[in-house]
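Structure assessment
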Amino acid sequence: MSATLSLDQARRIALAAQGLDKGRPAGPVTLRTVGRTFARLQLVQIDSVNVLSRSHYLPFFSRLGNYDRSILQRMSATHPRRMMEYWAHEASYIRPEFFLDLVQWQKRKWVGASAMEPELRKDVAGKILEALDAGRAMTAAELTVKIGHVEDRRDDNWGWNWNAVKRVLEDLFQDGLISAASRSEQFERRYALTARVLPDQLSLGGDRRNPVEAMHRLIDAAAQAHGIGTVRCFADYFRTPLKAAVASVDHLVSAGRLEPVTVAGWDRKVFLHAEARTPRRAAGRALLSPFDSLVFERRRLEELFGFHYRIEIYTPEHKRRFGYYVLPFLLRDRIVARVDLKADRAAGLLLAKSAYAEQDAPLDTAVELADELELMAQWLGLEDVVVSPVGNLADSLALALRRGGGPISSQGTQSTWSVSLP
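Residues numbered from 1 in each chain as written. Predicted model: local features only at pLDDT ≥ 70, side-chain atom pairs only at ≥ 80, totals over all residues. Heavy atoms only, no water.

Some words on the confidence of the model for the chain
- Summing up the model confidence of the chain, the mean pLDDT is 91 and the portion of residues at 70 or higher is 91%.
- Of the regions scoring below 50 in pLDDT, residues 405-422 engages in 46 contacts with residues more than four places distant in sequence or in other chains. (pLDDT = per-residue confidence, 0-100. Contact = heavy atoms within 4.5 Å.)

What follows is the structure, given as structure tokens:
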């Protein structure tokens, strides 16, 4: 018979696997510290929205606190690379050892040149590869100039009006022939031949070219990052096909890497990773990016934490429930609140445009969130935190900030909030 776990145990296992069950390190955050965190997460998602901070910086702040963001530049843009860009859970920084595995399984032709005339694609690809072989890493715009490509500007597909050079670049990137050597100040990829970005990995052979073995490694890594979850959870982590993931889960169970378990309240098959820890308590505190790996799989998030979450960036403003860039707030072993954040860099302010407590959030939610916002402001180089009077937590949060995070008086003996969400 499979082991039976309580929901509290499953929650703590998930937090431990993601490095969110403990307080942050007391000493300086070094490259080695960041590297260990990245190895635990396996990947961090990249997104261009910069209303607060680029999304790939936030998971490290959530787990490590105030750290030097240039460390990620060193890890991703200098040899030997400890992280590199590729398609995984959308565009992501991945561990280089998974690059060849992912190349075999990531097929996203919609982003590239699949609709182009074959001869044009071949011609542009040849010129791109020749230019990159002869010179330095370049952005799509620089390569367009370098190879002398000219075409009429398109405006019929907002957000994806790429010229032929950019479209071919994305195909070559997906095929693994070229990679991102670094990013420009405008967050544009600087493309280079993968043989130069990752020479050691490309020399590997054997099972690294075997798609079945590749899937086993990816699902094992995803399960390790989750600690506990379903096949769908594991497949979603690297966005691998579900059918192949099922076969890999069966293999990993037979190999002793995964154990079928039962979790109270879950109506799906659940698996526990062999290296998962079950802490007796969780003591972490973190604001989580909308693209944090803990919140990737929304059904899992709701089953574990009772927290319903949707990103509302693409929702018209008048239809948003909570705000544009809303971060869940984790306190100990619960997600207790959500706050819509924006960095007003010109004014030096971190703006909390709304703040909502969850049902039964503990009374110290506002104080703990105030401390977290002050830490985030310090990390972002901002001078103050300003709270707008929107949401059932806003007044208490503003008061906690004015009092420097001191205790807030409350009436009676009630130990949790009782609130009505919109």
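There's plenty left to go through after this.
Considerations on the sheet that holds strand β9 (residues 270-273)
- Spatially, β1-β8-β9-β7 is the arrangement adopted by the 4 strands of the open sheet, whose pairing is mixed. The open sheet has two free edges, formed respectively by β1 (3-5) and β7 (228-229), since each of these has just one partner strand.
- Strand direction decides the pairing type here: strand β8 (residues 258-263) and β9, joined by 4 bridges, are antiparallel. For Leu258, the partnering residue across the bridge sits in β9 and is His273. (Pairing = 2+ DSSP bridges. Helix = DSSP H or I, 4+ residues; strand = E, 2+ residues; numbered from the N terminus.)

A word on the pattern of salt bridges
- Under the definition given, this model contains 29 salt bridges.
- Residue Asp333 pairs with Arg334 through a salt bridge whose shortest N-O separation is 2.9 Å.
- Take Arg334: its relative accessible area is 34%, and that puts it in the partly exposed class.
- Taken together, the shared-partner salt bridges in this structure form one network comprising Arg24, Arg285, Glu368, Asp371 and Glu372. (Salt bridge = Lys/Arg side-chain N within 4 Å of Asp/Glu carboxyl O. Buried < 20%, exposed > 50% of the residue type's maximum accessible area, 1.4 Å probe, protein only.)

What to know about a positive patch on the surface
- A cluster of basic residues, Arg32, Arg36, Arg74 and Arg82, forms a positive patch on the protein surface.
- Mapped onto the elements of the fold, Arg32 is located in helix α2 (residues 31-41).
- When its relative accessible area of 63% is taken as the criterion, Arg32 is described as exposed. (Patch = residues over 30% accessible without salt bridge, like charges linked within 9 Å, V, L, I, M, F, W, Y side chains within 5 Å. Areas by Shrake-Rupley, 256 points an atom, 1.4 Å probe, with all protein chains shown as cover. Lys, Arg positive; Asp, Glu negative; His and termini not counted. Charge placed at Lys NZ, Arg CZ, Asp CG, Glu CD.)

A closer look at α2
- Within α2, the full set of buried residues consists of Leu31, Thr33, Val34, Gly35, Thr37, Phe38 and Leu41.
- Those residues of α2 that are buried lie in contact with β2 (43-45), α3 (58-64), α4 (70-77), β4 (90-94), α11 (211-226) and α12 (231-238).
- Following α2 by one or two positions, Gln42 adopts a phi angle in the positive range, close to 75°.

Some thoughts on the packing of α12 against helix α13 (residues 242-254)
- Where α12 meets α13, the axes come as close as 9 Å, and the angle between the chain directions of the two elements is 120°. With respect to α13, the axis of α12 lies oblique. Relative to α13, α12 is oriented so that their crossing is right-handed. Counted together, Val231, Arg232, Phe234 and Ala235 of α12 and Leu242, Ala245, Val246 and Val249 of α13 form the full contact between these two elements.
- Grouping the constituent residues of the contact of α12 with α13 by class yields 7 nonpolar, no polar and 1 charged. (Axes fitted to C-alpha atoms, helices over the stretch in contact; angles between N-to-C directions. Parallel < 35°, antiparallel > 145°, perpendicular 65-115°, else oblique. Left-handed = near helix turned anticlockwise from the far one by under 90°. Nonpolar A, V, L, I, M, F, W, Y, C, P; charged D, E, K, R; others polar.)

Structural notes on the environment of Ala274
- Mapped onto the fold, Ala274 is located in the loop between β9 and β10 (285-287).
- A residue is classified by how much of its surface remains accessible, and Ala274, at 48% relative accessible area, is partly exposed.
- Once the C-alpha coordinates of Ala274 and Val212 are considered, the two residues, 62 residues apart in sequence, prove to be 21 Å apart.
- Among all residues touching Ala274, those that are not within four sequence positions of it are Gly256 and Arg257.

Regarding helix α1 (residues 7-17)
- Most of α1 is tucked away, with 8 of its 11 residues classed as buried.
- Residues Ala10, Arg11, Arg12, Ile13, Ala14, Leu15, Ala16 and Ala17 constitute the buried set of α1.
- Gly19 sits one or two residues past α1 and shows a positive phi near 70°.

Focus: the nonpolar core
- Counting residues in each nonpolar core, the largest one holds 109 residues, and the members touching the most others are Leu52, Ile128, Phe238 and Met376.
- Ranked by the residues each element gives to this core, the list is headed by helix α15 (residues 365-380), at 9 residues.
- Discounting chain neighbours no more than four positions away, the residues touching Ile128 are Leu143, Ile147, Val165, Val168, Leu169 and Leu172.
- Ranked by size, the runner-up nonpolar core spans 27 residues in total, among them Leu20, Val261, Val295 and Leu330. (Core = buried A, V, L, I, M, F, W, Y, C linked by side-chain atoms within 4.5 Å.)

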